[in-house]
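Architecture at a glance
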4 protein chains.
Amino acid sequence: MRRLILTISCPDRTGIVAAVTTFIAHHGGSVLEASQFADHVTGQFFQRIEIDAETINLDASGFGVEFGPLAAEYSLNWRLRDTEVPQKVVIMVSKQSHCLDDLLQRWRNKELECDIPLVISNHPDMRGLVEWHGIRYAEVPVTPENRQSAFDEVTHLIEEAQADVTVLARYMQIVPPEVCERYVGRIINIHHSFLPSFMGARPYHQAYERGVKIIGATCHYVTADLDAGPIIEQEVARIDHADTPVDLVRIGRDVERAALARGLRWHLEDRVLISGNRTIVFD
Amino acid sequence: MRRLILTISCPDRTGIVAAVTTFIAHHGGSVLEASQFADHVTGQFFQRIEIDAETINLDASGFGVEFGPLAAEYSLNWRLRDTEVPQKVVIMVSKQSHCLDDLLQRWRNKELECDIPLVISNHPDMRGLVEWHGIRYAEVPVTPENRQSAFDEVTHLIEEAQADVTVLARYMQIVPPEVCERYVGRIINIHHSFLPSFMGARPYHQAYERGVKIIGATCHYVTADLDAGPIIEQEVARIDHADTPVDLVRIGRDVERAALARGLRWHLEDRVLISGNRTIVFD
Amino acid sequence: MRRLILTISCPDRTGIVAAVTTFIAHHGGSVLEASQFADHVTGQFFQRIEIDAETINLDASGFGVEFGPLAAEYSLNWRLRDTEVPQKVVIMVSKQSHCLDDLLQRWRNKELECDIPLVISNHPDMRGLVEWHGIRYAEVPVTPENRQSAFDEVTHLIEEAQADVTVLARYMQIVPPEVCERYVGRIINIHHSFLPSFMGARPYHQAYERGVKIIGATCHYVTADLDAGPIIEQEVARIDHADTPVDLVRIGRDVERAALARGLRWHLEDRVLISGNRTIVFD
Amino acid sequence: MRRLILTISCPDRTGIVAAVTTFIAHHGGSVLEASQFADHVTGQFFQRIEIDAETINLDASGFGVEFGPLAAEYSLNWRLRDTEVPQKVVIMVSKQSHCLDDLLQRWRNKELECDIPLVISNHPDMRGLVEWHGIRYAEVPVTPENRQSAFDEVTHLIEEAQADVTVLARYMQIVPPEVCERYVGRIINIHHSFLPSFMGARPYHQAYERGVKIIGATCHYVTADLDAGPIIEQEVARIDHADTPVDLVRIGRDVERAALARGLRWHLEDRVLISGNRTIVFD
């Protein structure tokens with residue numbers, strides 16, 4: 001079913017919901033799903049509304065024109081998306097394929113509503129799998145010497161693919177700050193620890209050393225501050241004393257797959273709103 | 001903070017949210033929290049709104065007068081509750097005390113906002129604990145011969161205590177159908193299985209025999225149809241081959257405590273709406 | 001690392017562990033991992049021992065000769081497997097691919113130690129995927145008229161592939177009783193409900209109707225008694241009032257994948273011992 | 001049922017299990033439950049054996065005499081406990097009672113097999129509850145000025161009570177290093193975060209600031225290095241964007257209760273063995 005998805009953030013104030021929903025009803029819009037959150041700590045208000053596109057007498061551009069005055073009156077930061085236009089996802093990967101595998105099978109099974117025009121990797125390993133799915137594979141090797149030019153090419157490829165969002169599906173290179181800043185809220189990473197525990201390298205080995213009884217993974221937006229961006233989703237799994245770091249890596253794969261798949265799906269359905277370093281997730 | 005909690009159910013129709021939120025905004029009401037659900041299967045609409053009682057220029061009775069025409073226009077089934085008036089909870093218990101213990105400690109720690117004027121039991125065992133909490137303890141023995149008069153007395157006690165809700169906290173007697181029907185949506189039971197698995201007696205022994213790997217408990221509204229009322233909450237725990245029925249009973253206690261405590265808290269916060277044999281839970 | 005895996009079941013009796021471990025130590029065997037369970041309900045004893053194959057001065061056949069007298073003395077039902085010989089897994093599938101996809105990616109990522117010589121399906125849909133993995137794909141359509149001959153062919157294919165275990169990865173046909181009986185403890189099914197809840201058809205719709213708050217899936221050995229065989233593993237996921245049957249199907253896919261993958265891995269590592277209609281899982 | 005519980009740690013070596021189990025069988029001991037773990041990272045071996053005390057022809061002291069030579073041969077670090085002698089637990093608490101409440105109700109319901117001779121607090125608040133349970137309550141106020149003498153008194157009270165283990169059930173004072181070192185492996189703390197995340201003060205506020213989606217609690221042995229001792233058990237719970245720090249504190253209470261109750265039960269059943277900064281838990 002074709003839907004218009006309206007997301008809003010603004011300073012909280014009496015009457016916002018009344019104004020927005022009256023506007024939608026006035027134009028005949030039938031609301032399929034609505035969620036809202038008044039953040040009493042920050043004083044901000046957030047809302048997500050799914051409208052049956054068949055019922056409203058406005059298309060996306062007409063909506064903008066009509067909605068403008070109201071948006072101005074309430075200082076709304078808003079976005080409207082028509083689900084008929086699928087979002088474009090670029091996936092970046094290194095040698096470990098489990099997250100890529102998982103995203104591709106979900107996409108093929110229609111669990112993820114999006115187009116995937118491109119996979120970028122610094123290694124050749126995944127070409128066969130990706131091309132079997134009918135997706136373009138771009139190999140961009142990264143070395144200490146060519147980092148600048150490599151990420152220039154990555155950026156060029158992302159632009160060329162007109163990516164709405166880029167997913168680092170266990171991409172084992174650090175993305176340069178200027179790329180992070182260019183795509184604020186539009187690069188999603190899966191980190192293989194329960195952040196903020198075990199930031200940095202080899203988190204499963206750190207977890208083993210510390211003797212934790214539960215491990216996790218974190219799906220988050222990438223910022224220039226490594227492993228510190230807004231968290232979208234986390235998942236955990238129990239381990240025990242007999243699990244070596246190798247076992248943790250294996251168990252962790254399922255945790256990573258789950259957190260990334262959920263986080264990306266919510267992002268693609270416009271369920272994730274960023275508020276400072278926190279996220280509102282209308283799941 | 002004092003709040004007015006408005007809960008609504010009605011046939012779904014364009015404009016309901018606009019009408020209700022416009023009404024609240026018109027009377028100055030600041031919305032603290034709002035949740036809604038349009039059930040596309042049944043065509044029913046459900047909403048829960050928490051209003052800051054200090055901001056709205058209506059009290060509970062004034063609200064009713066003003067809200068009447070709108071409610072009639074949209075065929076709203078609605079309820080308004082002022083949190084300043086705590087709800088009254090009567091707890092019924094037999095010999096096993098873990099659920100009672102848990103509810104009493106949460107109540108004493110202010111995790112459950114309610115009054116508990118009375119505990120009814122068919123056994124004397126819990127009198128000391130209950131009275132230590134300053135709560136009246138009524139012992140109403142139930143035998144095959146006196147069931148009718150016993151439950152007449154139970155009903156009388158519930159009425160006398162002006163209970164808003166009665167909780168069967170491992171009360172091991174079957175409540176007569178006429179009592180169930182008298183208090184529709186106002187008796188909450190904790191069943192010691194993951195319903196609909198293992199209905200009836202000795203569910204942990206049934207679970208052991210079947211060799212399941214996860215056990216559960218179910219918090220539900222009581223109906224005349226035993227173990228079949230609308231489910232509010234369920235909780236589960238992993239078990240393994242070494243767990244005997246005795247272990248299942250022990251592990252199950254935590255599961256029962258958790259499901260009942262959450263279910264009751266949601267009920268007391270008007271977060272649970274009944275729709276046929278299903279519940280909407282705005283948690 | 002190459003290992004010998006010894007699994008034992010027998011009537012419980014003082015001295016069994018001493019006798020078995022003394023035998024292994026006497027032959028120089030270094031024990032990598034050992035688990036045991038004395039079932040006080042049935043009086044049976046179960047043990048699983050992983051031996052470093054490099055340390056023991058017996059190969060699999062020599063072990064049998066030497067171990068024979070001890071096994072007879074203690075009435076041991078035992079099995080020894082050399083991990084150097086991978087087990088052969090045949091997968092059966094219909095149109096839904098998520099479980100197959102998941103098993104294939106785990107197999108390709110070396111999370112499942114086995115050979116997969118063959119996938120059997122009653123539909124042509126998965127041929128491309130399966131053959132891309134270099135695995136033979138046999139299409140055996142099943143109709144009400146040809147059931148007997150179709151399952152004769154299935155049995156023939158399983159025999160030809162020398163399958164150690166056959167996995168029904170959402171194979172939507174009922175396996176005839178004679179096939180179930182032929183492969184006792186060697187056919188694994190994934191059922192899309194938390195058994196024994198919602199046996200039979202369309203369990204997600206049943207779950208929706210009942211209004212449960214948690215759904216599940218069950219990995220079990222197939223017996224002639226449908227959906228009633230020994231349970232290996234179960235997994236669950238929370239749902240809420242807004243989830244339609246379609247959502248339950250989607251959420252359930254992850255639950256099914258997880259339960260099946262774990263159950264199969266444990267089976268392949270000889271961690272699952274059957275005891276009546278229950279399983280001992282040395283995970 | 002009266003049991004002897006033998007726990008062992010030693011350098012791993014072929015033949016240990018054979019030697020120990022042969023010794024037990026030789027003395028007629030029937031093994032009720034046995035678990036073992038060969039740590040291939042450290043080369044250490046760990047074992048826990050429950051023996052039916054009625055079947056073995058040795059009492060605890062006789063066992064020591066007979067077992068001595070074998071223990072010496074294999075360099076065993078071992079301990080034998082007779083379950084007929086309940087362990088003594090001293091609980092320390094400040095003003096928050098939820099963990100104390102929980103332990104007391106479990107103890108009263110026979111979920112924790114132990115004696116609780118004493119509760120120590122730096123506040124008077126819990127006296128009524130504790131004394132209602134028939135347990136001595138010692139109030140030892142702690143101020144910046146009297147820390148030395150206060151903890152001298154605490155130590156004196158612990159000695160006087162002949163505590164086998166002391167539980168810090170949300171005791172909000174830092175225990176001096178000399179007390180930690182005196183009771184290595186015998187003080188259990190519940191920390192209100194998913195360690196090593198959010199060490200130090202106000203972890204729920206830290207968790208809120210970081211925007212995590214799951215919170216946790218950690219039950220660990222106390223060492224002089226604050227919040228860094230060997231972890232026994234961890235528990236987690238999901239939170240969402242609407243949960244304020246106050247909500248996190250409330251949700252966290254259940255997480256703390258669960259982790260502490262399990263950790264303490266395992267400790268009391270000699271299921272926890274310490275290995276460096278990690279624990280082996282034979283649950």
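Cut-offs applied
- Residues numbered from 1 in each chain as written.
- Chains lettered and ligands numbered in written order.
- Predicted model: local features only at pLDDT ≥ 70, side-chain atom pairs only at ≥ 80, totals over all residues.
- Heavy atoms only, no water.
- Least-squares fit on C-alpha atoms with pLDDT ≥ 70 in both.
- Contact = heavy atoms within 4.5 Å.
- Buried < 20%, exposed > 50% of the residue type's maximum accessible area, 1.4 Å probe, protein only.
- Helix = DSSP H or I, 4+ residues; strand = E, 2+ residues; numbered from the N terminus.
- Pairing = 2+ DSSP bridges.
- Axes fitted to C-alpha atoms, helices over the stretch in contact; angles between N-to-C directions.
- Expected span 1.5 Å × (residues − 1).
- Arc of directions from axis to C-beta.
- Disulfide = S-S within 2.5 Å.
- Buried area = accessible area lost by both parts, 1.4 Å probe.
- Salt bridge = Lys/Arg side-chain N within 4 Å of Asp/Glu carboxyl O.
- Polar contact = N/O pair within 3.5 Å; in protein donor to acceptor, adjacent residues only side chain to side chain.
- Nonpolar A, V, L, I, M, F, W, Y, C, P; charged D, E, K, R; others polar.
- Domains from an automatic or database assignment.
- Phe/Tyr/Trp six-rings, centres within 6.5 Å; stacked < 30°, edge-to-face > 60°.
- Lys NZ or Arg CZ within 6 Å of the ring centre and 35° of its normal.

**As for the relation of the copies chain B and chain A**
- It takes a turn of 180° to lay chain B on chain A, together with a shift of 0.0 Å along the axis; the resulting RMSD is 0.0 Å. Such a turn and shift between the copies fits a two-fold axis. When C-alpha positions in chain B are compared against the rotation axis, the closest is assigned to Ala18 of chain B, at 2.6 Å.
- The residues that chain B uses at the interface reappear at the interface of chain A in 100% of cases, marking a shared surface.

**Thoughts on helix H3 (residues 98-108) of chain D**
Residue and element names in this part refer to chain D.
- Counted residue by residue, H3 has 10 buried out of 11 residues, so it is predominantly covered.
- His98, Cys99, Leu100, Asp101, Asp102, Leu103, Leu104, Gln105, Arg106 and Trp107 are the residues of H3 that are buried.
- Of the residues flanking the end of H3, it is Lys110, one or two places downstream, whose phi is positive at about 65°.

**Things to note about the pairing of strand S3 (residues 44-52) of chain D**
Residues and elements named next belong to chain D.
- Across the nine residues that make up S3, a large majority, eight, are buried.
- In terms of strand pairing, strand S1 (residues 3-11) meets S3 through nine bridges, oriented antiparallel. By the bridge assignment, Ile5 is partnered in S3 with Glu50.

**Topic: the sheet that holds strand S8 (residues 165-168) of chain C**
Residues and elements named next belong to chain C.
- With mixed pairing, seven strands are arranged side by side in an open sheet as S7-S6-S5-S8-S9-S10-S11. Of all the strands in the sheet, the pair left with one neighbour each is strand S7 (136-139) and strand S11 (231-238). Each strand of the sheet is rotated relative to its neighbour by a mean of 20°, with strand direction disregarded.

**Structural notes on the side chain of Arg106 of chain C**
- Its location among the elements puts Arg106 of chain C in helix H3 (residues 98-108).
- The class of Arg106 of chain C is buried, set by a relative accessible area of 7%.
- If near-sequence neighbours (up to four positions away) are discounted, Arg106 of chain C is found in contact with Asp254 and Arg257 of chain A together with Glu111, Leu112 and Ala261 of chain C.

**Some thoughts on helix H5 (residues 147-160) of chain B**
All names here are of chain B.
- The terminal C-alpha atoms of H5, which comprises 14 residues, lie 20 Å apart, in line with the 20 Å expected from a rise of 1.5 Å per residue.
- Those residues of H5 that sit buried are Ala150, Phe151, Val154, Thr155, Leu157 and Ile158. The arc that holds every buried residue of H5, seen down its axis, measures 160°, which confines them to one face.
- Those residues of H5 hidden inside the fold are in contact with strand S5 (88-93), strand S6 (115-121), strand S7 (136-139), strand S8 (165-168) and helix H6 (177-182).
- Among the residues trailing H5, Gln162 stands out with phi positive, at a value near 55°.

**Notes on the pairing of strand S3 (residues 44-52) of chain A**
Residue and element names in this part refer to chain A.
- Pairing of strand S2 (residues 31-39) with S3, which is carried by eight bridges, proceeds in the antiparallel orientation. Bridging across to S3, Ala38 finds its partner in Phe45.
- Linkage of S2 to S3, two consecutive antiparallel strands, is achieved through a turn of four residues, within which Gly43 is found at a positive phi near 75°.

**Examining the side chain of Ser275 of chain D**
- Position of Ser275 of chain D relative to the elements: it lies in strand S12 (residues 272-275).
- Using a relative accessible area of 14% as the deciding quantity, one classes Ser275 of chain D as buried.

**Quick word on the state of the cysteines**
All names here are of chain A.
- Throughout the structure, instances matching the rule amount to zero disulfides over all chains.
- Just so you know, Cys219 is unpaired, no disulfide at all, and the nearest cysteine sulfur is the one on Cys99, 9.5 Å from it.
- Assessed through its relative accessible area of 0%, Cys219 is described here as buried.

**Comments concerning the environment of Val249 of chain B**
- Inspection of the secondary structure puts Val249 of chain B in helix H8 (residues 245-268).
- Sequence-wise, Val249 of chain B and Arg81 of chain B are 168 residues apart; in three dimensions their C-alpha atoms are separated by 38 Å.

**Examining the interface of chain A and chain D**
- Tallying the contact residues gives 35 residues for chain A and 35 residues for chain D.
- Between chain A and chain D, roughly 3,000 Å² of surface is buried when both sides are summed, and carbon and sulfur atoms account for 53% of that area.
- When residues of chain A are sorted by the area they lose upon contact with chain D, Arg210, His241 and Arg278 of chain A head the list and together hold 26% of the total.
- Applying the counting rule to chain A against chain D returns four salt bridges.
- One salt bridge in this structure joins Glu235 of chain D and Arg238 of chain A, with 3.5 Å as the shortest N-O distance.
- The interface formed by chain A and chain D contains 23 residue pairs in polar contact (both at pLDDT 80 or more).
- At the level of elements, S2, helix H7 (203-210), strand S11 (231-238) and strand S13 (278-281) of chain A are the ones that each hand at least two residues to the side of chain A that touches chain D.
- At seven residues, S11 of chain A tops the list of elements feeding residues into the side of chain A that touches chain D.
- Partitioning the side of chain A that touches chain D into residue classes produces 17 nonpolar, seven polar and 11 charged.

**Some points on the interface of chain B and chain A**
- Listed as interface residues are 16 residues of chain B and, on the opposing side, 16 residues of chain A.
- In this assembly, chain B packs against chain A so that about 1,100 Å² is buried in total across both faces, 55% of it on carbon and sulfur atoms.
- At the boundary of chain B with chain A, the tally comes to zero salt bridges.
- For the interface between chain B and chain A, the tally reads three residue pairs in polar contact (both at pLDDT 80 or more).
- Those elements giving two or more residues to the side of chain B that touches chain A turn out to be helix H1 (16-26) and strand S2 (31-39) of chain B.
- Split into classes, the residues belonging to the side of chain B that touches chain A amount to seven nonpolar, nine polar and no charged.

**Quick look at the domain arrangement of chain A**
Residues and elements named next belong to chain A.
- Partitioning chain A into domains gives domain 1 (3-82) and domain 2 (87-281).
- Together, the buried faces of domain 1 and domain 2 total about 900 Å²; carbon and sulfur atoms form 46% of this surface.
- Of all residues in domain 1, the largest losses of buried area upon contact with domain 2 belong to Phe46, Arg48 and Arg81, amounting jointly to 49% of the total for that side.
- In this structure, the connection of domain 1 to domain 2 is made through five salt bridges.
- As a salt-bridge pair, Arg81 and Asp270 come within 2.6 Å of each other at their nearest N and O atoms.
- Across the contact surface, domain 1 and domain 2 share seven residue pairs in polar contact (both at pLDDT 80 or more).
- Elements with a contribution of two residues or more to the side of domain 1 that touches domain 2: strand S1 (3-11), S2, S3 and strand S4 (77-82).

**Let's talk about the pattern of salt bridges**
All names here are of chain B.
- Counting across every chain of the model gives 112 salt bridges over all chains.
- Between Glu33 and Arg271 there is a salt bridge; the shortest N-O distance is 2.8 Å. With Glu33 in strand S2 and Arg271 in the loop between H8 and strand S12 (272-275), this residue pair connects regions lying 238 residues apart in the sequence.
- Judged by its relative accessible area of 29%, Glu33 falls in the partly exposed class.

**Considerations on the packing of aromatic side chains**
- The final tally for this structure, using the stated rule, is 32 aromatic pairs over all chains.
- Relative to Tyr171 of chain A, the ring of Phe151 of chain A has its centre 6.4 Å away and its plane inclined at 80°; by these criteria the two rings are edge-to-face. Of the two residues, Phe151 of chain A sits in helix H5 (residues 147-160) while Tyr171 of chain A sits in the loop between strand S8 (165-168) and helix H6 (177-182), which places them 20 residues apart along the sequence.
- With relative accessibility at 3%, the residue Phe151 of chain A sits in the buried group.
- Sitting over the face of the ring of Tyr208 of chain C, Arg278 of chain B holds its NZ or CZ atom 3.8 Å from the ring centroid.

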